Structure formats: structure tokens, C-alpha cells
Amino acid sequence: MPTSAAARHRTPYGLAFPLAELVFVRDWAEQRGLVMTVLLDQVLDGAEFEELLLIRGRGPGRRALTVWRTAASVVAQAAGAQPRAFTAVQPALAHFVALLEAAGPRARFPYLAWMPHIWNRLALAAERRGVHV
């Protein structure tokens, strides 16, 4: 089926981010215990996106923010909310920082969370045997 020249050369709605902005967003997310995922070549509701950024907490299904770039602005949309346009990535992240940090920072050493509980049990067992820790 032939397509018109205008349809073949239509500019996507969401454009790619400059590399410096991608690195900035990735570092910003990591500092807050969040995960940034880059989705390439997406089509949503008929609109084409070269890149979409998903920023979410580390748990399953905890998507917090979707960010994309248009020709005139950077658009950010929280899950279940209306999209908002910003002049750059930094103001968008600054606006949503409270929402994103509410997801909770990542524990630095999550495998040590059991240690205080076990230590208390060992101390009680030792005390019953007459050994003081």
C-alpha cells in the first residue's frame, strides 16, 4: 500500500535526548535510589517517540515518572496524572522530586537487615547459658 511523502517523513512527537541529559538523569536517579529506563522507538496513541525515560522505584510495578522531549519542551508525567511541560530536564525533575523520593531510597546493604534481629536472639541465648555479651 503506497504512503504519501508527508506520512513517510513525519517528525516524531517525542525526540531523542542529548547524551549529556541522559547521563544527568541517570546519575540523578541513582543518587535517589531510583531506576531510569530508556525506551526507544515507541508509539503511544498514534504519537511516535524516539525516546521515553521511565524513572521508578526499585520494586516491581513502581513506575513514578515518564519523561520525553518535544521540539519545544521537556514533558514529564507522573503515573495517573496529566503531563506537564518544562523548559529543560532539571526543572522537570525538581518539580517531581518529592513524588520520586516518596518511593523511598534504596537500602545501602539490604542483605544486612536481618542482622539486628539475629544478634538479639544470639545475645538472649548466650545470656540463658550464663555468657554475657
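Everything numeric here is computed off the predicted structure, so don't read it as measured data. (Residues numbered from 1 in each chain as written. Predicted model: local features only at pLDDT ≥ 70, side-chain atom pairs only at ≥ 80, totals over all residues. Heavy atoms only, no water.)

(A) Structural context of the side chain of Thr 70. Here Thr 70 shows up in the loop between strand E3 (63-69) and strand E4 (74-78). With relative accessibility at 11%, the residue Thr 70 sits in the buried group. Discounting chain neighbours no more than four positions away, the residues touching Thr 70 are Tyr 13, Leu 15 and Val 75. (Helix = DSSP H or I, 4+ residues; strand = E, 2+ residues; numbered from the N terminus. Buried < 20%, exposed > 50% of the residue type's maximum accessible area, 1.4 Å probe, protein only. Contact = heavy atoms within 4.5 Å.)

(B) Spatial organisation of the pattern of salt bridges. Within the structure shown, the criterion is met by two salt bridges. The residue Glu 21 makes a salt bridge to Arg 69 at a minimum N-O spacing of 2.6 Å. Placement of the pair is Glu 21 in helix H2 (residues 19-31) and Arg 69 in strand E3, with a sequence separation of 48 residues. Neither Glu 21 nor Arg 69 differs from the other in exposure class; each is buried. Among the ionic pairs, Asp 27 bridges to Arg 26, the shortest N-O distance being 3.2 Å. The class of Arg 26 is partly exposed, set by a relative accessible area of 39%. (Salt bridge = Lys/Arg side-chain N within 4 Å of Asp/Glu carboxyl O.)

(C) Highlighting the environment of Tyr 13. The topology assignment puts Tyr 13 in the loop between helix H1 (5-8) and H2. The exposure class assigned to Tyr 13 is partly exposed, which follows from its relative accessible area of 42%. Sequence-distant contacts of Tyr 13, defined by excluding residues within four places in its chain, comprise Ala 47, Glu 48, Phe 49, Trp 68, Arg 69 and Thr 70.

Everything listed here is a matter of geometry and, on its own, says nothing about what the molecule does.
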